Amino acid sequence: NSEIFELKAELNSDKKEKKKEAVKKVIASMTVGKDVSALFPDVVNCMQTDNLELKKLVYLYLMNYAKSQPDMAIMAVNTFVKDCEDPNPLIRALAVRTMGCIRVDKITEYLCEPLRKCLKDEDPYVRKTAAVCVAKLHDINAQLVEDQGFLDTLKDLISDSNPMVVANAVAALSEIAESHPNSNLLDLNPQTINKLLTALNECTEWGQIFILDCLANYTPRDDRESQSICERVTPRLSHANSAVVLSAVKVLMKFMEMLPKDLDYYGTLLKKLAPPLVTLLSAEPELQYVALRNINLIVQRRPEILKHEMKVFFVKYNDPIYVKLEKLDIMIRLASQANIAQVLAELKEYATEVDVDFVRKAVRAIGRCAIKVEQSAERCVSTLLDLIQTKVNYVVQEAIVVIKDIFRKYPNKYESVIATLCENLDSLDEPEARAAMIWIVGEYAERIDNADELLESFLEGFHDESTQVQLQLLTGIVKLFLKKPTETQELVQQVLSLATQDSDNPDLRDRGYIYWRLLSTDPVAAKEVVLAEKPLISEETDLIEPTLLEELICHIGTLASVYHKPPSAFVEGSRGVQHKRLPGSAGSGESVDSPDTGSAAGVSEAPPAVIPSQGDLLGDLLNLDLTPPTTTGPPPPTSGMQMGAMDLLGGGLDSLVSLLYTVDSLGGDLGGNPAMAAGFGAPPAVMPTSFNAPVSGGLDDLFDLGGGVGMPMGSYSPPKTVWLPAMKAKGLEISGTFARRSGVIQMEMTLTNKAMSVMTDFAIQFNRNSFGLAPAGPLQVLTPLSPNQSIEVSLPLNTVGPVMKMEPLNNLQVAVKNNIDVFYFSCQYPISMLFVEDGKMERQVFLATWKDIPNDNESQFQIKDCHLSSDAASNKLQGSNIFTIAKRTVEGQDMLYQSIKLTNGIWVLAELRVQAGNPNYTVSIVRGLHFVTYREV
């Protein structure tokens, strides 16, 4: 168009000023989004100038359009080479900076020679710019940078005489090392550390941050070196930039771990850390918030640093709510016998504020003080009662929630306040407060005359209550029944019926069934279970789990310290999976960043228990440390007739029975009309909602009619299927199956790398599952997995892991980690993998048990097209640990009586009827009180 034509003419003008104005117009058009790429050759011609301002504008244009015009960009290479030898250091630096920003593979190799010269330039400004350019070039073509030896040149720059060059070299190496966690680029040793500490005093604030972050990754050899580094880093605490202060605090917090606590310098360092942290709280609110989130971590690790600074955390009337809530949290962490009076006076004041969220948190804080500082408990309870008297609805509800916790911490001490709490029963409308009040009434029912009336009042709207309240009400009424059985029999029948028959919530149903069975079979045992003495609640239930806290301390001054989450939780790709730890205490010499240290020394630490968040079944997997498990032994032997194992399935017996009778590999239909009779005073049985959905892993697979990997005298193993497609796992494809060999369950997988990069550092972890399946050893991938390569892996499993009922029952949730990321998938294992070799029941025991099972507890299904004689079926099933106990023939039908035992001690009894010439079988499922049983007809 005409505008482009005019600009073209101006760019080719002989007048320098006109040229410069034309380039400015081009840049202005480019900035507002107009396409001026047609002017590329004309703008590139303007590079041949001594005018620095014009050169900067041309380079800006070049950076923007080089990617869309790679062939044209080659025209600029000669000018770059020439500019890198310009007498003006600013032009040399400008050329090398622009080179790093042009992300075009075609011209990258032409830029190596100019970059090599600039890395050794006599001017430090050019060297420091070139150092950053190496990191940018590495991001475009890592192999080229390594081949050209730029990494070694970068390492040499750490010894540069100019502090800014040192800082930029450290920043570049740190960035490259982050994308290659296993490379030892930053080979930190005492000599290098000394050079960094020397440069620290003289470089800019951002240079100081790069150097301090690098120092934080170093592990001193001993406490003397640790002290020496701390002494030289301490002056940074008085820096005006808060980022420098926090980076210095990170280094000191880490190296303090190695100092003996009886050392005079240790005490001095603690005193020096407090003032800079306090100073951060006088900044604007946003900076205060970041500082408070970091202080929260520091106080959890070393409360002694700020124990005398309580007043700075008192809330100001004009603080934003996010600052108020953080300050409140830190006040509780610093509360002690010495300052509790001050703290309580403040908290009582806060409880009368207008901000509802803040008032709630303040009331909770009073309760936390009572639990943390025993001497203050009485004063706290008195303060809470005063607040209840205000009759402000949300204050009353929060107070009741925290008083429940105080009762747990100090039993038989403050129960006199129960009467006051009961007066406020009608005003409770929040689930947590209602649940807390129900707990109090049930727990102290013997002290409350009208406890039954109070709980009955809650029962009227049972189905409208939240799950939390329903569960608490169920337990509360059962407690009341065990304390006052004659008066509350009708009430307990009513709540058990509501929980088991009228509720859709599986947790509520399961708890109802357990209570019902306990009460109907053994009331004494029920009393021991339900009214057992409860452990005292701990002082700090909201502390960050220790290993996570260690990692977060290593990330002070970063986003991780604000989110209170490790980087791997919110950063995608390989960079997020690096885990940092604090060094061991003085003299231990433990490595910081090596996850293999513990195993190399032959010592394995049990990971601390982490309470998983509710809702997400994969929550457990995300919180797990994906290091190889330490348990490698076989599972402990199960007792001959273990029945308690059934309860671990949480009411899953029906699921187990239905799982044994799924038709997948038969290719036939499974139909019928399930009918199950309810027994004596026991809860009614619940059948699966649908029997028509195909689920893999049933007994039918054992007949090997679906073309699986069946073996004449061995356990059935289904063919491999794709568990994790490559498109969902950044190029990693996992297909697999399960097999049982010599009594060991094997998870057999094929790992295929369909990405462009090499995969290493594989590890695996399972979520909790119905039968406690867990890896019996690490995932053995001994060589790196190259692109387009596949590898077969066999992982032995045991059944001693944590148990949680899954849906379906044989579902297994798996997390696999490699150097790229952590990936999650689900698969289903055949139930036959769990059939153990000692499942052959004694003939007499079998007959006696068989006779005890009621005939009317029966459901029927059809299995079609099964062409096997009774002997062939018996042999095939024995290969999968289904044992024939007896055989008889009645009216031309062979009847096989069989037994199976699962890894968790559950027994299955079977009657298999085979009619010669009839390929259709009928399956009858029968359930007794103590055995899961089945009949195949």
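Structure shown above.
In this text, all values refer to a predicted model and were calculated from it rather than measured experimentally. (Residues numbered from 1 in each chain as written. Predicted model: local features only at pLDDT ≥ 70, side-chain atom pairs only at ≥ 80, totals over all residues. Heavy atoms only, no water.)

Caption draft 1: Quick look at the overall build of the chain. Along its length, the chain carries 39 helices and 14 strands. In the chain, buried positions account for 52% of the 937 residues. Sequence-distant contacts in the chain: of pairs separated by 6 or more residues, those separated by 24 or more amount to 68%. Accessible area of the chain: about 42,800 Å², with a carbon and sulfur share of 51%. (Helix = DSSP H or I, 4+ residues; strand = E, 2+ residues; numbered from the N terminus. Buried < 20%, exposed > 50% of the residue type's maximum accessible area, 1.4 Å probe, protein only. Contact = heavy atoms within 4.5 Å. Areas by Shrake-Rupley, 256 points an atom, 1.4 Å probe, with all protein chains shown as cover.)

Caption draft 2: Main features of the pattern of salt bridges. All told, the structure shown has 36 salt bridges when counted by the stated rule. Where Asp-329 meets Arg-333, a salt bridge forms, and the shortest distance between an N and an O atom there is 3.4 Å. Linking Asp-329 with Arg-333, this pair stays in helix α20 (residues 321-334), spanning four residues, or about one helical turn. Its relative accessible area of 8% is what places Arg-333 among the buried residues. When the shortest N-O distance is used, the salt bridge between Asp-871 and Lys-887 registers 3.1 Å. In this pair, Asp-871 is assigned in helix α39 (residues 870-878) and Lys-887 in strand β10 (residues 883-890), connecting sequence segments 16 residues apart. (Salt bridge = Lys/Arg side-chain N within 4 Å of Asp/Glu carboxyl O.)

Caption draft 3: Highlighting helix α2 (residues 16-31). Relative to the 22 Å expected for 16 residues at 1.5 Å per residue, α2 spans 23 Å between its end C-alpha atoms, a close match to the ideal helical length. Buried residues of α2: Lys-20, Ala-22, Val-23, Val-26, Ile-27, Ser-29 and Met-30, and no others. Next to the buried residues of α2 lie α1 (2-11), α3 (40-45) and α4 (52-65). Remark: Gly-33 follows α2 within two positions and exhibits a positive phi of approximately 100 degrees. (Expected span 1.5 Å × (residues − 1).)

Caption draft 4: Quick peek at the nonpolar core. Within the largest apolar cluster, 210 residues are counted, with the highest numbers of intra-cluster contacts made by Tyr-61, Leu-115, Leu-196, Val-233, Leu-347 and Phe-407. The contact partners of Leu-196, leaving out residues within four places of it in the chain, are Ile-158, Val-166, Val-170, Leu-188, Ile-211, Cys-214 and Leu-215. Counting residues in each nonpolar core, the second largest holds 48 residues, with Leu-732, Ile-745, Phe-762 and Leu-834 among its members. (Core = buried A, V, L, I, M, F, W, Y, C linked by side-chain atoms within 4.5 Å.)

Caption draft 5: Local environment of the sheet that holds strand β7 (residues 811-817). In space, the three strands of this open sheet follow the order β4-β7-β8, with antiparallel pairing throughout. The sheet is open, and its two borders are formed by β4 (763-766) and β8 (822-828), each paired with just one other strand. Taken over all neighbouring pairs, the strand axes of this sheet differ in orientation by 25 degrees on average, direction set aside. The pairing of β4 with β7 spans four bridges and is antiparallel. Opposite Ala-763, over in β7, you have Lys-817 as the bridge partner. (Pairing = 2+ DSSP bridges. Axes fitted to C-alpha atoms, helices over the stretch in contact; angles between N-to-C directions.)

Caption draft 6: Layout of a nonpolar patch on the surface. Together, Leu-559, Tyr-563, Phe-570 and Val-571 make up an exposed nonpolar region whose accessible area comes to about 330 Å². Looking at where Val-571 falls in the secondary structure, it is placed in the loop between α33 (559-563) and α34 (597-600). Owing to a relative accessible area of 33%, Val-571 belongs among the partly exposed residues under this scheme. (Patch = residues over 30% accessible without salt bridge, like charges linked within 9 Å, V, L, I, M, F, W, Y side chains within 5 Å.)

Caption draft 7: Expanded view of the packing of aromatic side chains. On inspection of all chains with the given rule, the structure shows 10 aromatic pairs. Ring geometry for Phe-738 versus Tyr-829: centroids 6.1 Å apart, planes at 70 degrees, classification edge-to-face. Of the two residues, Phe-738 sits in strand β2 (residues 732-741) while Tyr-829 sits in the loop between β8 and α38 (843-852), which places them 91 residues apart along the sequence. Of the two residues, Phe-738 and Tyr-829, neither departs from the other in class, the shared state being buried. With a centroid separation of 6.3 Å and 75 degrees between ring planes, the pair formed by Phe-846 and Tyr-897 is classed as edge-to-face. Of the two residues, Phe-846 sits in helix α38 while Tyr-897 sits in strand β11 (residues 893-901), which places them 51 residues apart along the sequence. On the accessibility criterion, Phe-846 (2% relative accessible area) is buried. Using a relative accessible area of 10% as the deciding quantity, one classes Tyr-897 as buried. An aromatic cluster is built from Trp-723, Phe-738, Phe-825 and Tyr-829, whose rings are joined through pairwise contacts. Looking at Lys-324, its charged tip hangs above the ring of Phe-358, at a distance of 5.2 Å from the centre. (Phe/Tyr/Trp six-rings, centres within 6.5 Å; stacked < 30°, edge-to-face > 60°. Lys NZ or Arg CZ within 6 Å of the ring centre and 35° of its normal.)

Caption draft 8: Spotlight on unusual backbone geometry. For the peptide bond that leads from Glu-807 to Pro-808, omega is -5 degrees, which places it in the cis range. As for its placement among the helices and strands, Pro-808 is situated in the loop between β6 (790-798) and β7. A positive phi is found at Lys-730, a non-glycine position, where the angle reads about 50 degrees. Within the secondary structure layout, Lys-730 lies in the loop between β1 (721-724) and β2. Here Lys-730 falls in the partly exposed class, since its relative accessible area comes to 39%.

Caption draft 9: Spotlight on the packing of helix α21 (residues 340-350) against helix α22 (residues 356-372). Axis separation between α21 and α22 bottoms out at 8 Å; the angle between their running directions is 150 degrees. Accordingly, the angle class assigned to the pair α21 and α22 is roughly antiparallel. Of the two possible hands of crossing, α21 and α22 adopt the one that is left-handed. The residues of α22 that touch α21, namely those facing Ile-340, Val-343, Leu-344, Leu-347 and Tyr-350, are Phe-358, Val-359, Ala-362, Ala-365, Ile-366 and Cys-369. (Parallel < 35°, antiparallel > 145°, perpendicular 65-115°, else oblique. Left-handed = near helix turned anticlockwise from the far one by under 90°.)

Caption draft 10: Highlighting the sheet that holds strand β5 (residues 774-775). Across the sheet, which stays open at both edges, the five strands sit in the order β1-β2-β3-β6-β5 with antiparallel pairing between neighbours. A strand with exactly one partner marks an edge of an open sheet, and here the two such strands are β1 and β5. Two elements, strand β3 (residues 744-753) and β6, share eight bridges in a ladder whose sense is antiparallel. Within β6, the position partnered with Met-749 by the bridge is Val-793.

Caption draft 11: Focus on the packing of α22 against helix α24 (residues 393-409). Running from N to C, α22 and α24 point in directions that differ by 15 degrees, and their axes come no closer than 9 Å. Judged by the inter-axis angle, α22 sits roughly parallel to α24. Here α22 runs over α24; the crossing is right-handed. Between α22, through Val-356, Val-359, Arg-360, Val-363, Arg-364, Gly-367, Ala-370 and Ile-371, and α24, the contact on the second element is made entirely by Tyr-394, Val-395, Glu-398, Ala-399, Val-401, Val-402, Asp-405, Ile-406 and Lys-409. The residue inventory of the contact of α22 with α24, partitioned by class, reads 11 nonpolar, one polar and five charged. (Nonpolar A, V, L, I, M, F, W, Y, C, P; charged D, E, K, R; others polar.)

Caption draft 12: Highlighting the state of the cysteines. The tally for this structure, following the rule as stated, stands at zero disulfides. We note that Cys-133 lacks a disulfide partner, and the nearest cysteine sulfur, in Cys-101, lies 7.8 Å from it. According to the relative accessible area criterion, Cys-133 is buried, its value standing at 3%. This cysteine, Cys-380, is not joined by any disulfide, and Cys-369 carries the nearest cysteine sulfur, 5.5 Å off. (Disulfide = S-S within 2.5 Å.)

Caption draft 13: Layout of α22. Its 17 residues place the ends of α22 24 Å apart at the C-alpha level, agreeing with the 24 Å of an ideal helix rising 1.5 Å per residue. Of all 17 residues making up α22, 12 are buried, and the element is well covered by its neighbours. Elements that come into contact with the buried residues of α22 comprise α20, α21, α23 (377-389) and α24. Structurally, the start of α22 carries an N-cap: the backbone nitrogen of Asp-357 is 3.2 Å from a side-chain oxygen of Asp-355. (Polar contact = N/O pair within 3.5 Å; in protein donor to acceptor, adjacent residues only side chain to side chain.)

By themselves, these figures tell us nothing about what the structure is for.
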